[in-house]
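# Descriptive structure summary
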Amino acid sequence: MAFLQVLSSFFLVTVFLVSTFSFANSHPGAGFGSWDGNFNPGGGWLPGLFPGFYQFSCPQANDIVMSVLEKAIAADPRMAASLLRLHFHDCFVQGCDASILLDDSGSIVSEKGSGPNKNSIRGFEVIDEIKAKLEEACPHTVSCADILALAARGSTILSGGPFWELPLGRRDSKTASLTGSNSNIPAPNSTVQTLVTLFNRQGLDEVDLVALSGGHTIGMARCVSFKQRLYNQNGDNQPDETLERAYYNGLKSVCPKSGGDNNISPLDFASPAKFDNTYFKLILWGRGLLNSDEVLLTGNVDKTVELVRRFAEDEALFFDQFATSMVKMGNISPLTALHGEIRTNCRRIN
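Overview of the structure.

Conventions adopted
- Residues numbered from 1 in each chain as written.
- Predicted model: local features only at pLDDT ≥ 70, side-chain atom pairs only at ≥ 80, totals over all residues.
- Heavy atoms only, no water.
- Disulfide = S-S within 2.5 Å.
- Helix = DSSP H or I, 4+ residues; strand = E, 2+ residues; numbered from the N terminus.
- Buried < 20%, exposed > 50% of the residue type's maximum accessible area, 1.4 Å probe, protein only.
- Core = buried A, V, L, I, M, F, W, Y, C linked by side-chain atoms within 4.5 Å.
- Contact = heavy atoms within 4.5 Å.
- Salt bridge = Lys/Arg side-chain N within 4 Å of Asp/Glu carboxyl O.
- Axes fitted to C-alpha atoms, helices over the stretch in contact; angles between N-to-C directions.
- Left-handed = near helix turned anticlockwise from the far one by under 90°.
- Nonpolar A, V, L, I, M, F, W, Y, C, P; charged D, E, K, R; others polar.
- Phe/Tyr/Trp six-rings, centres within 6.5 Å; stacked < 30°, edge-to-face > 60°.
- Lys NZ or Arg CZ within 6 Å of the ring centre and 35° of its normal.

Disulfides are covalent bonds that connect the sulfur atoms of two cysteines. Tallying each qualifying case throughout the model produces 4 disulfides. Covalently, cysteine 58 is tied to cysteine 138 through a disulfide, its sulfur atoms 2.1 Å apart. What sets the handedness of the cysteine 58 and cysteine 138 disulfide is the S-S torsion sign, and at about 75° it is right-handed. Taken together, the residues cysteine 58 in the loop between helix H1 (2-26) and helix H2 (61-75) and cysteine 138 in the loop between helix H4 (124-137) and helix H5 (144-158) connect sequence positions 80 residues apart. Note on accessibility: cysteine 58 and cysteine 138 belong to one class, buried. Residue pairing for cysteine 91: its cysteine sulfur links by disulfide to cysteine 96, the two sulfurs lying 2.0 Å apart. Around the S-S axis, the bridge from cysteine 91 to cysteine 96 shows a dihedral of about 120° and counts as right-handed. Given the relative accessible area of 0%, cysteine 91 is considered buried. Since its relative accessible area comes to 0%, cysteine 96 is described here as buried.

Written as structure tokens, this is what we have:
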């Protein structure tokens, strides 16, 4: 029996090394790189994470995830953006560890109550359904952190966006950080300097910032997140002068000066349920919804300005970089090996 266990372990390690070697040869330069005017893969894989992680323990994992997503997004197209955002908000707080999914308990103060998440973050029931089906098929095997990563990729694909090879093997945290959620997630009224700082804090650069902001090509935002731009951008009771006039007038009908905070407007009004590069075109036309969108162009950072223009011109370029930056974001401080746990219920520790 001991011999068989050693042999099995050797086989799994061999598969991992072969798959990693194959990836490195088919994706030269797939490490962490900086932008030099060209777009180079910067995602790479971390030790312990690789796409074939569930190849033997739960080979049907992605099929299960996709089957749930297909029904959920068909019933509510907005759900795709919500699940993409869940992964983002998770990874920016103590790493991609599913801490965002934990409810309040005797030992946990949930991140769901933070400023960026309260009355805003959604999609938990879809994650619950995915987890229940995975537990039925492969008990105590697929982590909630990996479910978030798979759901983000699947939601992107089902919305017309790119596929990417997704490293898996994350484990789930036993803690959450309300403080980290309040301080690490960029606010919708952020300046470009603040955005760059918060992304740099996670090991992400300006290329990742602009590419990942392109996730706003799908989804909606609440009035409260852009009201300042309409009525009091600089504390002088005047609108943001970068807003295109017709777009500004339309937004005022959705988002009144008083009340209506939970009214919603599409982040990309031209194709709100389609993952494409229209988001960047709208920014160029003064029709970016959030301040954090428009400052990529108007914030006087040459690199972000150039990237907005290049992504607006070339959808394939945007898709390639978005995929690379999603892998890179998914590599933020994962728990692997014997760290953390595999939760049986994503809302609470075991």
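Here is a general trend for soluble globular proteins: nonpolar side chains tend to be buried in one another's company. Among the nonpolar cores identified, the biggest contains 78 residues, and Leu69, Leu101, Ile127, Leu134 and Met329 are the most heavily contacted of them. Aside from chain neighbours lying at most four places away, what touches leucine 69 is Ala74, Leu83, Val126, Ile130, Leu150, Ala151, Gly154, Ser155 and Leu158. Counting 13 residues, the second-largest nonpolar core is a separate cluster that includes Leu230, Tyr231, Leu243 and Cys255.

The next point concerns the pattern of salt bridges. Scanning the entire structure with this criterion turns up 13 salt bridges. Among the salt bridges present, the one from lysine 328 reaches aspartate 205, with a minimum N-O distance of 3.8 Å. In this pair, lysine 328 sits in helix H14 (residues 315-330) while aspartate 205 sits in the loop between helix H7 (192-201) and helix H8 (206-213), placing the two residues 123 residues apart along the sequence. Judged on exposure class, the residue lysine 328 and its partner aspartate 205 are both buried. For arginine 310, the salt bridge is made with glutamate 306, and the minimal N-O distance between the two is 3.7 Å. Here arginine 310 pairs with glutamate 306, and both are found in helix H13 (residues 302-313), just 4 residues apart, close to one helical turn. Each member of the salt-bridge network shares a partner with another, and the members are Asp103, Lys112, Asp128 and Arg347.

One can find leucine 204 in the loop between H7 and H8. Put simply, leucine 204 and serine 325 are 121 residues apart on the chain and 8.2 Å apart in space, counted from C-alpha to C-alpha.

Let us look at the packing of H2 against H4. Here H2 crosses H4 at 145°, and the two axes come no closer than 10 Å. H2 and H4 meet at a crossing whose hand is right-handed. In contact with Ala61, Ile64, Val65, Val68, Leu69, Lys71 and Ala72 of H2, H4 contributes Val126, Glu129, Ile130, Lys133, Leu134 and Ala137. Tallied by class, residues from the contact of H2 with H4 come to 10 nonpolar, no polar and 3 charged.

For any pair of aromatic rings, the description rests on two quantities: the centre-to-centre distance and the angle between the ring planes. Counting across every chain of the model gives 16 aromatic pairs. Relative to phenylalanine 92, the ring of phenylalanine 88 has its centre 4.5 Å away and its plane inclined at 40°; by these criteria the two rings are tilted. Assigned by exposure class, phenylalanine 88 and phenylalanine 92 land together as buried. Each member of the aromatic cluster is reached from another via a ring pair, and the members are Trp164, Phe275, Tyr279, Phe280, Phe311, Phe318, Phe319 and Phe322. When the ring centre of phenylalanine 124 is taken as origin, the NZ or CZ atom of lysine 112, which lies over that ring, is 4.1 Å away.

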